[in-house]
Amino acid sequence: MKEHIITYLKEQGRSNVNDLAEALDMAGSQKFPVLIKEISKMESQKELRFSDDGTISLRPKSDKKEQITIQGTFRANKAGFGFLFVDENEDDMFIGRNDVGYAIDGDLVEVVIKKPADRLKGTAAEARVVGIVERSLKTVVGKFILDDEKPKYAGYIKSKNQKIQQKIYIKKEPVVLDGTEIIKVDIDKYPTRGHDYFVGNVRDIVGHQGDVGIDVLEVLESMDIVSEFPEDVLAQANSIPEAPTEKDLIGRVDLRGEITFTIDGADAKDLDDAVHIKLLDNGNFELGVHIADVSYYVTEGSALDREAIVRGTSVYVTDRVVPMLPERLSNGICSLNPNVDRLTQSALMEINRQGKVINYQICQSVIKTTCRMTYSRVNDMLAGDEEALAEYDAIVPSVRYMAELHNILEDMRIRRGALNFDTSEAKIIVNDKGMPVDIVVRQRGIAERMIESFMLAANECVAEHFSKHQLPFIYRIHEEPKAEKLQKFIDFASVMGAQVHGTANKMTQSALQQFMASFDGKPGTEVLNMMLLRSMQQARYSEHNHGHYGLAAEYYTHFTSPIRRYPDLLVHRMIREYTKNSSQEVQDHFAQVVPELATSSSNLERRAIDAERVVEAMKKAEYMEEHVGEEFEGIVSSVVKFGLFVELPNTIEGLIHVTSLPEFYHYNERNLTLQGEKSGVVFKVGQPIRVKLVKADKETGDIDFEYLPSDYDVVEKTAKSDRRDRRGGRSKGNSRANRDEKCSTEEKSNHSRGGSGKRKSSDKRSHSSKTKSKKKKPFYKEAVKKSSKKRKK
């Protein structure tokens, strides 16, 4: 029996007990217990092991002492290799394509170390997957393709996920599929040695090829971002009245007499924040930030609350929003519409002329907004537009006070060392069929920055209050950058002729701020901004207050968007509960639930960012499909071993692969340059370049450019290239013949996640170019040429 089990598992790699029993003819009430007894014995002797999904596999043997295994999350690259992520404090381990086994992106895996890290050489540890502890991929969305290669299956689906290499075969269903469907399937079997493919059951038909917006819906569904709400959630939302009652107002601070108004984008429907301002007799400002009291309606443990936890955040993609809460709440009773009573939670702050909050009150309140303002109209007022000033004369003094206070708060943040990451953000305009028709750069005026200043002030005020009262709480933290990443930025800055004061192990925000200020306006400023942004850690939620490095804030949380972010809703709930009763029992409850909610909210936020990035890349590539063969001017946004990325003025980015360059190019990792061996032409980050679009693929989101020689080219001939020129030596070309060899070495030369693909994403995924085209491209708007700035929160 033991030999049969070993033979079968050697062939299959992994199996569940039922399949093993069937294969060995050990099913049935008499034989099955015998099999179970043998499996149990082999497991106790460490010859077998069970995974969390219930499957069994042979435990690998070692001629020496038993190998030490490490568990972590496998991050796959579409080229076939991957990395093991253990935690934020450990470097990723490289896993070659021959050592991946059958691990899939996101799986919790067990690995053994093949080669330790070498910090002197700057290489990561190398590992081999020896077991799958838990599968991350439970469902897949893709186009259904009819196929009779395997008669027992109806066909297979082709997923948009480029990290899934194998086919996903679909079991025959009672519903007949005709090959036009986009379907969502539950994975039933995973690839093993016995069968190199997935098997799944149809869960849902998402839509059909050709449906309007099906491309975006396919992306969202593939990430389990679902628009429809369960029936019990909708039932609870529909049971909530459309207006507050007198009973709802009991115990609330009545602020309906204040001149309060909302300022949002023209197309916003969920108006969850409003402000009022007054100039006090002592010369200070009273600023009221009023946030829709969503937690009053979304009670802990309710159907609405459970669904909000699962969603974590609203997801904003090109042509739609997938809300965290049903529209009846977000666009109804929780939207601060004008001239109606609304329940809010307010941060009332007295702020002096130095931007310091010297008094405050955090309370439940009721407000009635005076009007619904848009950013564009407030910007018109601030610019002195007579028509706008006359139309909104009742709030003119408030708007002027707000602009004055904004300048004070902004100066205060600069003085304390807050970093200003100036990047551009694209707005993709689509028609009624979901097709992209234009891409422009979003513009940010004083009104947008003004509201941002007020929201930051309220977030800091609330966080400081709970930190100083030592109550369990949820914070938005941004930790200090890791030394190795910051060192790369310092090295890069020095190559560009700039010097950063301080060391990578301890770099103050003020030092970085002063450095960026000294470089402002000079060539390469935006590139340095981008490089600095990449060196930062990702902000996240935590039960521990570690401050916010980027804002140079000692205390920070998210309080201002409970309609679209769960942590904000949780903050409101804690404010209410602690106000009523801050007993040890209440504190213990929040101390228990906050850590898990902080982790899940951070993960769901990253999922939303990934979805936005994928859809944006897809729509940009789709837009550029109409412009293949056209020539453009852009800037070099990134240089890697296998090529250079070029960004156009409208934020579209594409790759020039080294194999398409006219000669062999040497890569210098320290200063991030590629230099032609014969010509001496150098490509470096930030320099202008002329390119031709040769490919745009909507399915993958990839855009490929071809380098065009131009007056922008920089030539830095080396002594070696001069000698070769004098000898008449020939340079080694980047021919198609040696392309496979070069690509095969990419995986080891880029020991970081995302190192062999496009540059690693961040909260800000693009930066603008100030390079002006010599020939105006027909599809650019004038707005594209203007540099718009957006502060990283």
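The name an unreviewed UniProt entry assigns to the chain is Ribonuclease R, from the organism Streptococcus hillyeri. Looking at the chain in UniProt, the text filed under Subcellular location (unreviewed entry) is "Cytoplasm". What UniProt states about the chain under its Sequence similarities (unreviewed entry) heading is, verbatim, "Belongs to the RNR ribonuclease family. RNase R subfamily."

S.K.: Tell me what's going on with the overall build of the chain, and back it up with residues and numbers.
M.R.: Within the chain, the secondary structure is distributed over 18 helices and 34 strands. Counting every position in the chain, which comprises 793 residues, the buried fraction comes to 52%. For the chain, the proportion of contacts with a sequence separation of at least 24, taken over those separated by at least 6, is 68%.

S.K.: Now, about the packing of aromatic side chains: what can you tell me, with residues and values included?
M.R.: A full pass over the atoms with the stated rule returns 17 aromatic pairs. Ring centres 5.4 Å apart and planes at 65 degrees place the aromatic pair Tyr578 and Phe590 in the edge-to-face group. One end of the pair, Tyr578, is in helix α15 (residues 566–580); the other, Phe590, is in helix α16 (residues 584–624), and twelve residues separate them in sequence. Phe590 matches Tyr578 in its accessibility class, with the two residues each being buried. Measuring from centroid to centroid gives 5.3 Å for Tyr665 and Phe683, while their planes differ by 20 degrees, and the two rings are stacked. A residue pair is termed long-range when its members are at least 10 positions apart, and Tyr665 in strand β29 (residues 665–668) and Phe683 in strand β31 (residues 681–684) qualify at 18 residues. Summarising the burial analysis for this pair, Tyr665 and Phe683 share the class buried. Aromatic rings pair up to connect Phe466, Phe473, Tyr475, Tyr578 and Phe590 into one cluster. For Lys167, the ring lying beneath its charged end belongs to Tyr156, and the centroid distance is 4.4 Å. One Lys or Arg, Arg252, reaches over the ring of Tyr296 and ends 5.0 Å from the middle of that ring.

S.K.: Tell me about the sheet that holds strand β8 (residues 139–146), and name the residues and values.
M.R.: Taken together, the five strands give a closed barrel; going around it, the order is β8-β9-β10-β12-β11, and neighbouring strands pair in mixed fashion. Direction aside, the axes of adjacent strands within the sheet are offset by 55 degrees on average.

S.K.: Before we move on, could you go through the packing of helix α6 (residues 303–311) against α15 and cite the residues and values that matter?
M.R.: The interhelical angle for the contact between α6 and α15, taken along N-to-C directions, is 135 degrees, at an axis separation of 9 Å. Here α6 lies oblique to α15, going by the angle between them. Contact residues: Asp305, Ala308 and Ile309 in α6; Tyr566, Leu569 and Arg573 in α15. For the contact of α6 with α15, the class distribution of residues is four nonpolar, no polar and two charged.

S.K.: I'd like a rundown of unusual backbone geometry, residues and numbers included.
M.R.: One non-glycine residue, Asn339, adopts positive backbone phi at about 65 degrees. Following the sequence through the fold, Asn339 ends up in the loop between α7 (327–333) and β19 (341–351). A relative accessible area of 56% places Asn339 in the exposed class. Within the chain, Thr651 stands out as a residue other than glycine whose phi angle is a positive 80 degrees. Note on placement: Thr651 falls in the loop between β27 (643–647) and β28 (653–657).

S.K.: Which residues make up the sheet that holds β29, and what values do they have?
M.R.: One open sheet holds the four strands; their spatial order is β29-β30-β31-β34, and the pairing between them is antiparallel. Bordering the open sheet on either side are β29 and β34 (714–715), each of which pairs with just one other strand. Pairing geometry for β29 and strand β30 (residues 673–676), over four bridges, is antiparallel. Bridge assignment links Tyr665 to a residue of β30, and that residue is Gly676.

S.K.: Which residues make up the pattern of salt bridges, and what values go with them?
M.R.: By the definition in use, this model includes 46 salt bridges. Close ionic contact of Lys368 with Asp341 constitutes a salt bridge, the shortest N to O distance being 3.9 Å. Taken together, the residues span a long stretch of sequence, with Lys368 in strand β20 (residues 357–368) and Asp341 in strand β19 at a distance of 27 residues. Here Asp341 falls in the partly exposed class, since its relative accessible area comes to 22%. One salt bridge connects Glu633 with Arg690, and the closest N-O pair in it is separated by 2.0 Å. With a gap of 57 residues between them, Glu633 in strand β26 (residues 631–640) and Arg690 in strand β32 (residues 688–697) connect regions that are remote in the sequence. Of the two residues, Glu633 and Arg690, both sit in the buried class.

S.K.: Tell me about the environment of Asp704, residues and numbers included.
M.R.: Mapped onto the secondary structure, Asp704 falls in strand β33 (residues 702–708). A C-alpha to C-alpha distance of 8.7 Å links Asp704 and Lys692, two positions twelve residues apart in sequence.

S.K.: Can you explain the environment of Thr139? Please cite residues and give values.
M.R.: Along the chain, Thr139 turns up in strand β8. Judged by relative accessible area, Thr139 falls into the buried class, the value being 8%. Measuring from C-alpha to C-alpha, the distance between Thr139 and Gly200 comes to 8.4 Å, with 61 residues separating the pair along the chain. Setting aside anything within four residues of it in sequence, one finds Thr139 in contact with Lys184, Val185, Asp186, Ile187, Arg203 and Asp224. Here Asp224 takes part through its side chain, which lies 3.3 Å from a polar atom of the side chain of Thr139.

S.K.: Can you break down the side chain of Gln687 residue by residue, with the values?
M.R.: Relative to the helices and strands, Gln687 resides in the loop between β31 and β32. Reaching out from Gln687, the side chain makes a polar contact with the backbone nitrogen of Lys684 at a distance of 3.1 Å. Among residues more than four places away in sequence, those in contact with Gln687 are Gly634, Ile635, Val636, Val682 and Val714.

S.K.: Can you explain the nonpolar core? Please cite residues and give values.
M.R.: Core analysis: the largest hydrophobic core is formed by 85 residues, its most contacted members being Val289, Met349, Met373, Met381 and Phe454. With eleven residues, the top contributor of residues to this core is helix α11 (residues 446–468). Domain assignment of the residues forming this core places at least three in each of domain 4 (231–418) and domain 5 (470–612). Leave out the neighbours within four places in its chain, and Phe454 touches Val275, Leu287, Val289, Met402, Leu405, His406 and Leu409. Membership of the second largest hydrophobic core comes to 52 residues, among which are Leu486, Leu512, Met516 and Leu644.

S.K.: Lay out the packing of helix α1 (residues 2–12) against helix α3 (residues 31–44) in plain terms, naming residues and giving numbers.
M.R.: One way to put it is that α1 packs onto α3 with a least axis distance of 10 Å and a crossing angle of 75 degrees. In terms of orientation, α1 lies roughly perpendicular with respect to α3. Contact residues: α1 offers Lys2, Ile5 and Ile6, while α3 offers Leu35, Glu38, Ile39 and Met42. Grouping the constituent residues of the contact of α1 with α3 by class yields five nonpolar, no polar and two charged.

Definitions and limits used
Throughout this description, residue numbers start from 1 for each chain and increase along the sequence as written. Reporting of local features is limited, given that this is a predicted model, to residues whose pLDDT is at least 70; pairs of side-chain atoms are given and counted only at 80 or more, and all residues count toward the totals for whole chains, interfaces and linings. With hydrogens and water stripped out, all remaining heavy atoms of the structure feed into the side-chain values. UniProt positions are given in the numbering used here, feature names are shortened, and annotations may be inferred rather than shown by experiment. Strands are runs of DSSP state E lasting at least two residues, helices are runs of H or I lasting at least four, and both sets are numbered from the N terminus onward. Exposed residues in this analysis have more than 50% of their type's maximum accessible area, buried residues have under 20%, and partly exposed residues fall in between, with area computed by a 1.4 Å probe over protein chains only. Contact criterion: two residues are considered in contact whenever any of their non-hydrogen atoms come within 4.5 Å of each other. Two aromatic rings, drawn from Phe, Tyr or Trp (for Trp, its six-membered ring), form a pair once their centres lie within 6.5 Å of each other, and the interplanar angle then sorts them: stacked below 30 degrees, edge-to-face above 60, tilted otherwise. Lysine NZ or arginine CZ positioned within 6 Å of the ring centre and within 35 degrees of the ring normal marks a charge as sitting over the ring. Any two strands with at least two DSSP bridges between them are considered paired. To get an axis, fit a line to the C-alpha atoms, keeping to the stretch in contact for a helix; angles then go from 0 to 180 degrees between the N-to-C directions. We call two directions roughly parallel when the angle between them is under 35 degrees, roughly antiparallel when it is over 145, roughly perpendicular when it lies between 65 and 115, and oblique otherwise. Ten residues, namely Ala, Val, Leu, Ile, Met, Phe, Trp, Tyr, Cys and Pro, are considered nonpolar, four, namely Asp, Glu, Lys and Arg, are considered charged, and the remaining ones, Gly among them, are considered polar. Any Lys or Arg side-chain nitrogen located within 4 Å of an Asp or Glu carboxyl oxygen qualifies as a salt bridge. Pairing of N or O atoms within 3.5 Å defines a polar contact, subject to two protein rules: one partner must be a possible hydrogen donor and the other a possible acceptor, and residues neighboring in sequence count only if both atoms are side-chain atoms. By nonpolar core is meant a set of buried Ala, Val, Leu, Ile, Met, Phe, Trp, Tyr and Cys residues that side-chain atoms within 4.5 Å join together. Marked domain ranges trace back to an automatic or database domain assignment.

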